[in-house]
There are 2 protein chains.
Amino acid sequence: MTYGFLNAMKTRPGQRDEVVKILLSGTDGLREAGCLLYVVGVDDTDDVTIRVSEVWRSKEHHAASLRLPETRAAIAAAMPMLTGEFSSQDYTVVGGLGV
Amino acid sequence: MTYGFLNAMKTRPGQRDEVVKILLSGTDGLREAGCLLYVVGVDDTDDVTIRVSEVWRSKEHHAASLRLPETRAAIAAAMPMLTGEFSSQDYTVVGGLGV
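First, a word on scope: everything that follows refers to the structure included in this document. (Residues numbered from 1 in each chain as written. Chains lettered and ligands numbered in written order. Predicted model: local features only at pLDDT ≥ 70, side-chain atom pairs only at ≥ 80, totals over all residues. Heavy atoms only, no water.)

Turning our attention to the packing of aromatic side chains. Residue and element names in this part refer to chain A. Applying the stated criterion to the full structure yields two aromatic pairs over all chains. Centroid distance Tyr3 to Phe5: 6.5 Å. Interplanar angle 15°. Geometry classified as stacked. Taking relative accessible area as the criterion, Phe5 reaches 15% and is therefore assigned buried. (Phe/Tyr/Trp six-rings, centres within 6.5 Å; stacked < 30°, edge-to-face > 60°. Buried < 20%, exposed > 50% of the residue type's maximum accessible area, 1.4 Å probe, protein only.)

This next bit is on the interface of chain B and chain A. Contact with chain B, which involves 30 residues of that partner, is made by 29 residues of chain A. Carbon and sulfur atoms make up 63% of the surface buried where chain B meets chain A, a total of about 2400 Å² over both sides. Inspection of the chain B/chain A interface yields zero salt bridges. On inspection of chain B and its partner chain A, the count reaches 15 residue pairs in polar contact (both at pLDDT 80 or more). Looking at the side of chain B that touches chain A, the elements that each hand over two or more residues are helix 1 (16-25), strand 2 (35-42), strand 3 (49-56) and strand 4 (82-97) of chain B. The dominant element in the side of chain B that touches chain A, judged by the number of residues it contributes, is strand 4 of chain B, at nine residues. Among the residues forming the side of chain B that touches chain A, the class breakdown is 17 nonpolar, eight polar and five charged. By the bridge criterion, five bridges tie strand 2 (residues 35-42) of chain A to strand 4 of chain B in an arrangement that is antiparallel. Among the inter-strand pairings, Gly41 of chain A is bridged to a residue of strand 4 of chain B, identified as Val93 of chain B. (Contact = heavy atoms within 4.5 Å. Buried area = accessible area lost by both parts, 1.4 Å probe. Salt bridge = Lys/Arg side-chain N within 4 Å of Asp/Glu carboxyl O. Polar contact = N/O pair within 3.5 Å; in protein donor to acceptor, adjacent residues only side chain to side chain. Helix = DSSP H or I, 4+ residues; strand = E, 2+ residues; numbered from the N terminus. Nonpolar A, V, L, I, M, F, W, Y, C, P; charged D, E, K, R; others polar. Pairing = 2+ DSSP bridges.)

Relative to the elements of secondary structure, Arg51 of chain B occurs in strand 3. A distance of 2.6 Å separates a polar atom in the side chain of Arg51 of chain B from a polar atom in the side chain of Asp43 of chain B. Apart from the residues lying within four places of it in its own chain, the contact partners of Arg51 of chain B are Leu6, Gln89 and Tyr91 of chain A together with Asn7, Ala8, Val39, Val40, Gly41 and Asp43 of chain B.

So, about the sheet that holds strand 3 of chain B. Ordered by their spatial adjacency, eight strands build a closed barrel running 1(A)-3(A)-2(A)-4(B)-1(B)-3(B)-2(B)-4(A), and the pairing between neighbours is antiparallel. Strand-to-strand twist in this sheet, taken as the mean axis angle between neighbours without regard to direction, amounts to 35°. Pairing of strand 1 (residues 3-11) of chain B with strand 4 of chain B, which is carried by eight bridges, proceeds in the antiparallel orientation. Residue pairing across strands places Asn7 of chain B opposite Ser88 of chain B, the latter belonging to strand 4 of chain B. (Axes fitted to C-alpha atoms, helices over the stretch in contact; angles between N-to-C directions.)

See below:
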């Protein structure tokens, strides 16, 4: 079942641009890993919130992607710049435009 | 600036499938209206939550789409089946895969 994952995270002050760069640096391998959509955005109401909206072929594809060396390296690089406040939600995609 | 909009809504018991059908029925005109992505999904943890993740060419395109007759008709049809509990968030899309 097509899997949707929404994630919001907060960076330490002044480090959002750098985290966004990391999040966008690893998109090359996403498609082969089973990712259908990966949207990275930032809130306009503060300088620290990043939102990621992802759609994957299945929940298992998403879980497997977290074990890839490039994903692990990106997470390790970003983690020190994050506050640890995450808000995530998964769901089942049923249709739409672009999926 | 590319505009992202996340929306979660709750339906009255037993009416989620019908609301999903309405949300997916009006996707034909979305692209011409400036919509880049429109993902409709449902939570697995309950029977009443629907999540929509949208990406538009601009905030203005999204606002204009809400004034289209077909959008207004879809909202009018769905509204009686919703509880009125919405949780929405907009943001600026900076990149990714599929956008």
